Amino acid sequence: MSNDLTGLSATELARLIRLRTVSPIEVVETHLRRIDQINPSLNAIVTLADDAIDRARAAEARLSRRDQVGPLHGLPLTIKDTIDAKGLRMTSGSSLLAHNVADRDATAVARLKSAGAIIIGKTNVAEMAAYYESDNRVFGRTNNPYDLNRTAGGSSGGEAAAIAACLSPAGIGSDLAGSVRLPAHFCGIAALKPTSGRVPVDGHTPVVAGPLLLGDSFGPMARTVDDLMLLFDVIADKQPNEGADQDVDSDRHAVWYVDDGVSPVDEETARAVQRSVAVLSDAGWKIKQETPPAVSKGFELWRNLFSAYVANQFAEAYRGREDEAGPQVAAILGRNRKTNASREARIDSAENLASAIVERERRREELLRWMKRTPIIIAPVGATSAWLHGTQRLEVNKQSISVFRAFSYSQTFNVFGFPSVAVPAGRTAEGLPIGVQIIGRPFAEHAVLSVASLIEQGLGGWSVPAL
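Residue indices begin from 1 for each chain and proceed along its sequence in written order. Two thresholds apply to this predicted model, a pLDDT of at least 70 for residue-level local features and 80 or more for giving and counting side-chain atom pairs, whereas whole-chain, interface and lining totals are computed over all residues. Calculated side-chain values reflect all of the structure's heavy atoms, with hydrogen atoms and water omitted.

### A word on unusual backbone geometry
- Omega for the peptide link from Gly154 to Ser155 comes to 5°, which places this bond in the cis form.
- Following Thr205, the chain continues into Pro206 via a peptide bond in cis, with omega recorded as 0°.
- Turning to its location among the elements, Pro206 is positioned in the loop between strand S9 (190–193) and strand S10 (217–222).
- Non-glycine residue Met128 carries a positive phi angle of around 55°. A run of H or I in DSSP becomes a helix once it reaches four residues, and a run of E becomes a strand once it reaches two; helices and strands are each numbered from the N terminus.

### Quick notes on the environment of Asp323
- Tracing the sequence through the fold places Asp323 in the loop between helix H9 (298–317) and helix H10 (327–339).
- Classification of Asp323 by relative accessible area gives exposed; the value is 62%.
- Expressed as a C-alpha distance, the spacing of Asp323 and Val225, which sit 98 residues apart in the sequence, is 42 Å. Buried means the residue's accessible area, taken with a 1.4 Å probe over protein chains only, is under 20% of the maximum for its type, while exposed means over 50%, and partly exposed covers the values in between.

### Observations regarding the nonpolar core
- Grouped together as the largest cluster of nonpolar side chains are 144 residues, with contacts concentrated most on Leu72, Leu77, Leu112, Leu167, Ile172 and Ile438.
- Looking at this core, the element that brings in the most residues is H9, giving eight residues.
- Residues in contact with Ile172, not counting those within four places in the same chain, are Thr78, Ile79, Lys80, Ile83, Ala108, Val109, Leu112, Glu159, Gly219, Pro220, Leu231 and Ile235. Joining through side-chain atoms within 4.5 Å is the link that ties buried Ala, Val, Leu, Ile, Met, Phe, Trp, Tyr and Cys residues into a set, and such a set is a nonpolar core. Residue contacts are defined here by distance: any two heavy atoms, one from each residue, within 4.5 Å place the two residues in contact.

### Comments concerning the layout of surface pockets
- Using only the protein atoms, space was sampled on a 1 Å grid; points where a 1.4 Å probe fits but cannot get out form cavities, open sets with protein on both sides within 12 Å along at least five of seven lines form pockets, and lining residues are those with an atom within 4 Å of a point. Grid points are joined across faces, edges and corners, and a volume is the space filled by probe spheres set on the points. Of the voids in this model, the largest pocket is the one considered here, and its volume is about 1,200 Å³.
- Mapped onto the lining of the largest pocket, the elements with two or more residues apiece are strand S8 (170–175), H9, H10 and helix H11 (343–371).
- Ranked by residue count, the leading element in the lining of the largest pocket is H9, at 11 residues.
- For this scheme, ten residues count as nonpolar: Ala, Val, Leu, Ile, Met, Phe, Trp, Tyr, Cys and Pro. Four count as charged, namely Asp, Glu, Lys and Arg, and the remainder, Gly too, count as polar. Along the lines of polarity and charge, the residues of the lining of the largest pocket split into 23 nonpolar, 15 polar and seven charged.
- Looking at the second largest pocket, its volume works out to about 210 Å³.
- In terms of lining residues, the second largest pocket is bounded by 15 residues, among which Tyr131, Asp135, Asn136, Pro327 and Gln328 are the most central.
- For the lining of the second largest pocket, the secondary-structure elements that each account for two or more residues are strand S4 (135–136) and H10.

### Notes on the sheet that holds strand S13 (residues 376–380)
- As summarised here, the arrangement of the 11 strands in space is S1-S3-S2-S8-S10-S9-S16-S17-S13-S11-S12, forming an open sheet in which the pairing is mixed. Lying at the two open borders of the sheet, with one neighbouring strand each, are strand S1 (45–48) and strand S12 (286–289). Averaged over all adjacent pairs, the angle separating strand axes in this sheet is 25°, with direction ignored.
- Only strands joined by at least two bridges in the DSSP assignment are considered to pair. As paired elements, strand S2 (residues 76–80) and S8 share two bridges and run parallel to each other. Looking across to S8, one finds that Ile79 is bridged to Ile172.
- What counts as an axis is a line fitted to C-alpha atoms, over the stretch in contact for a helix, and the angles between N-to-C directions run from 0 to 180 degrees. Docked against the sheet, helix H8 (residues 267–282) engages strand S11 (253–256), S12, S13, strand S16 (420–427) and strand S17 (433–439), running at close to 55° with respect to S17.

### Considerations on the pattern of salt bridges
- The term salt bridge refers to a side-chain nitrogen of Lys or Arg lying within 4 Å of a carboxyl oxygen of Asp or Glu. Going through the model one piece at a time under the given rule, you end up with 23 salt bridges.
- When the shortest N-O distance is used, the salt bridge between Glu267 and Arg271 registers 3.7 Å. Placement of both Glu267 and Arg271 in helix H8 is noted, with a separation of four residues, approximately one turn of the helix.
- The class of Glu267 is exposed, set by a relative accessible area of 57%.
- A salt bridge links Glu324 to Arg321; the shortest N-O distance between them is 2.8 Å.
- For Glu324, a relative accessible area of 24% corresponds to the partly exposed category.

### Some remarks on the pairing of S10
- With respect to burial, S10 is a largely interior element, six of its six residues being buried.
- Alternating positions in S10 separate into two faces, Ser217, Gly219 and Met221 on one and Phe218, Pro220 and Ala222 on the other, with burial throughout.
- Pairing between S8 and S10: six bridges, direction antiparallel. Along S10, the bridge assignment pairs Gly171 with Met221.

Rendered as C-alpha cells:
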C-alpha cells in the first residue's frame, strides 16, 4: 500500500494495524513522506518527533510477539503546540518558549501513548492560543489546505490543517473560545469540545486555572466522527462528575437557530444549518427553530469570565519581555495595562469576575432546565467560512463585526461548559468547507457524536483538498 494510507481514517488504520494488514512502520513512514511533500505549503506541523520510526518498530515488535495492545496501537497522531508531549518542543507559539522542551506528557497525551499511539509531531498555533489565526513569531502562519490565501483558524489551526491534508489521521487540541471547532469548520474536519472537566487539562500553556476551568477543554480532532469517539474514549475520565450520557434514540428532539442576538451569520452558514436539520428530520427527529435561553448572554459572559484572567496571565508571563510579544498578545498586554492602572481598577475587575460567575451559574441552570425537554441544539460554529489571512473585521449581512464576535456561537458553550461537536456540512460557492455545531447536555458526548455522525453520513463529511 502507498500514499492511500494517509487518506484512511484513524479507526480504519488502527484496525488494519491490529490485523497486521499494514505495519506501524509503513503507516508512520507514509505519513512522514506526506508531511515532507505537503507541509512546506501549509506550515501546519512545526516540530517532528525524531523517535517516531523507533516507536513504530517497537509497535511492530509487540504485534509480532502477539502482545496485548491498546485501541490506538501503532497509530500516528499529532498534538497542538500548547500541550506537553515529553521530549518535544512546546512553544505555545511564543518567542518566550521558542526553545522549551516538555519534560513530561500532559495526562491526555500520556493516555494516548498508553493506548498505543505514536506522536509524530506538534502543530502550529496562535501565540499563547490567543487568536483565531494560527500565526506567530516562532513558526509563522498556517495556511488553509482548501485555499492557501486563507486562514486555517485558531488557535488549533495547525492541527486542523494537518488532519484535513492527511499529514496526520487525528490529534488533540484545546478549546476555550471555539479553538478546536472553528479550525475544524474552516478546514472541513470534525472536532469535539467535551464537557468542561471531562478531560484533564494539565500540561497546557497558558495554564488552565481559575475561571478558565469553567470553559477550557482538550478535545479530539479528526476527519471522521468515529475517530473523535475513538480518541475521546481514550483521553476522557471514565466517571463523569454529574449527569449521564443520553441515548439519542430515546429522545429525538432538537432545536436549531441561526441568530444568537450577538452576531449575524451569512446565508451559506444558515443554509448549512438547514441542510443538517433536514438530514435529522429525514431520520425521524422532531426539530423546530427556536433560540435557546441564555445563548444571547454567552459572548458578554465569555469576556467577563475569561478576558481579564487571560490578560493577567500574559502580563505575568511577558513581564520585562513585552517587546517579544507578537501583535495579538501585545494588544492584549496594552489593554491590560490601561485596565489595571490603579488599585481601584483591580478591585473592580475582581468584583466583575465574581458577578460574572454568579450570572453564569444562573443562566446555565436556566439552559439546563430548558434542555430537559430538548437535549440537542443545532447551531452555526460561527458567522462565516474561512477568511483571508490577516482579516480583523468581517462584513456579514451588511454589518461590520470583529472576527471574535463572529464566533459567539462557539464561545457560548465554553461559558456553560457543555459538550459541542463541529462536523462538516458542505461547501460554500467558493469551495470552502463549512460546518455546523451540535450541542448537548453535560457529559452527553456520545449523544452529540451520534447526531454528528448522522449529519456526516447525510452530507458527505470530509473531502480531500486538492493540494
